[in-house]
Amino acid sequence: MKDEEPYTLHDPDRLKALAHPMRRSMLTHLAIHGPATSTTLGELLGAKTGTTSYHLRQLEKHGFIEEIPERSTGRERWWRRVPGPRDMRAPTPDQLAPADRAVLAEFHRIGMNEDRALLERFPAAYRADPDWAKASRGLARMTKAELSEFHDAYIALLLKYSHPAEDAPPDARPLYVRMFAFPADEDHPPRTGGEATDAP
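The rules behind each value
Residues numbered from 1 in each chain as written. Predicted model: local features only at pLDDT ≥ 70, side-chain atom pairs only at ≥ 80, totals over all residues. Heavy atoms only, no water. Patch = residues over 30% accessible without salt bridge, like charges linked within 9 Å, V, L, I, M, F, W, Y side chains within 5 Å. Areas by Shrake-Rupley, 256 points an atom, 1.4 Å probe, with all protein chains shown as cover. Salt bridge = Lys/Arg side-chain N within 4 Å of Asp/Glu carboxyl O. Helix = DSSP H or I, 4+ residues; strand = E, 2+ residues; numbered from the N terminus. Pairing = 2+ DSSP bridges. Contact = heavy atoms within 4.5 Å. Axes fitted to C-alpha atoms, helices over the stretch in contact; angles between N-to-C directions. Expected span 1.5 Å × (residues − 1). Buried < 20%, exposed > 50% of the residue type's maximum accessible area, 1.4 Å probe, protein only. Arc of directions from axis to C-beta. 1 Å grid on protein atoms, 1.4 Å probe; cavity = no way out; pocket = protein on both sides within 12 Å on 5 of 7 lines; lining within 4 Å. Points joined across faces, edges and corners; volume = space filled by probe spheres on them. Phe/Tyr/Trp six-rings, centres within 6.5 Å; stacked < 30°, edge-to-face > 60°. Lys NZ or Arg CZ within 6 Å of the ring centre and 35° of its normal.

Trainee: Tell me about a nonpolar patch on the surface, residues and numbers included.
Mentor: Nonpolar side chains collect at one region of the surface, where Met142, Leu147, Phe150 and Met179 lie side by side and expose about 370 Å² of accessible area between them. With respect to the helices and strands, Met179 occurs in the loop between strand E7 (175–177) and strand E8 (180–183).

Written as structure tokens, this is what we have:
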């Protein structure tokens, strides 16, 4: 599968692996800042190393991260995100068994909480550097088919202008994009107290 082709998370176990705030924060950190250890992530997230190690193993089990053997020594293991499809989408409820739909609801709840927190940060990012903070609001009338086409076109546009980390120009920065965008490389994951397409 080409990384530009849509990939739907039909597997409820993989979806469940992403329906956890700490795991999502870990993936975000690895995507933005690069490889890290469970100790580093624990310090950033305010969690014990045993907790972060457990969640890292869950992410590894479901193919979202991998160990970097050449950097790992003794008990210190380094982790990185596994390159995957850039257009990863959540399934619709009818694509899951009824027993798995609660996981989808939790996946969306956590994602929306993350997006609300980002939206609250947008005004400060805009004040700091409006050239690096963009937003759009509007009202549109579309048919269901047009909305689907608009969504696909938006994803295609995002993929067109987004570079994989290894191919990005030197002045490219990671950005949070939710129909608003601002730099993602100036912060660390929020401390969760033990707890970025459509999927992270």
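Trainee: Which residues make up the sheet that holds E7, and what values go with them?
Mentor: Read across the sheet, three strands follow the order E6-E8-E7 without closing on themselves; strand pairing throughout is antiparallel. Whereas interior strands pair on both sides, the edge strands pair on one side only; in this sheet they are strand E6 (134–135) and E7. Along the sheet, helix H5 (residues 101–128) contacts E6, E7 and E8; its crossing angle with E8, the most-contacted strand, is approximately 70°.

Trainee: Tell me what's going on with helix H4 (residues 49–61), and back it up with residues and numbers.
Mentor: Between its terminal C-alpha atoms H4 stretches 18 Å, which fits the 18 Å expected from 13 residues at 1.5 Å a residue. Considered for burial, the residues of H4 that qualify are Thr52, His55, Leu56, Gln58 and Leu59. Projected down its long axis, H4 shows its buried positions confined to an angular sector of 155°, all on one face. Turned more than 90 degrees from where H4 packs its buried face, Gly50 and Lys61 sit exposed. Structurally, H4 contributes buried residues whose contacts are with helix H1 (12–18), helix H2 (21–33), helix H3 (38–45), strand E3 (65–67) and strand E4 (78–81). Immediately beyond the C-terminal end of H4, within one or two residues, lies Gly63, with a positive phi of roughly 80°.

Trainee: Please set out the layout of surface pockets residue by residue, giving values where relevant.
Mentor: Quantified by volume, the second largest pocket comes out at close to 160 Å³. The wall of the second largest pocket is formed by eleven residues, among which Ala125, Ala128, Phe182, Pro183 and Glu186 lie closest to the centre. Listing elements by their share of the lining of the second largest pocket, those giving two or more residues are H5 and E8. Here the lining of the second largest pocket takes four residues from H5, the largest share from any one element.

Trainee: I'd love a proper account of the pairing of E4, names of residues and values included.
Mentor: Relative to E4, strand E2 (residues 36–37) runs antiparallel, the two being bridged by two bridges. By the bridge assignment, Thr37 is partnered in E4 with Trp78.

Trainee: Residue-level account of the sheet that holds E2, with values.
Mentor: Taking strand neighbours across the sheet as the criterion, the three strands line up as E2-E4-E3 in an open arrangement whose pairing is antiparallel. Single-partner strands in this sheet number two, and they are E2 and E3. Relative to E4, E3 is paired through three bridges, and the arrangement is antiparallel. Residue Glu66 lies in a different strand from E4, and its bridge partner there is Arg80.

Trainee: Please set out the packing of aromatic side chains residue by residue, giving values where relevant.
Mentor: The description of an aromatic ring pair uses the distance of the two centres, along with the angle that the planes make with each other. Throughout the structure, instances matching the rule amount to five aromatic pairs. By way of ring pairs, the aromatic residues Phe122, Tyr126, Tyr176, Phe180 and Phe182 are connected into one cluster. For Arg14, the ring lying beneath its charged end belongs to Phe64, and the centroid distance is 4.2 Å. Across the ring face of Phe107, the terminal group of Arg24 is positioned such that the distance to the ring centre comes to 5.0 Å.

So, to be careful, I would describe these as geometric facts and stop short of saying anything about function.
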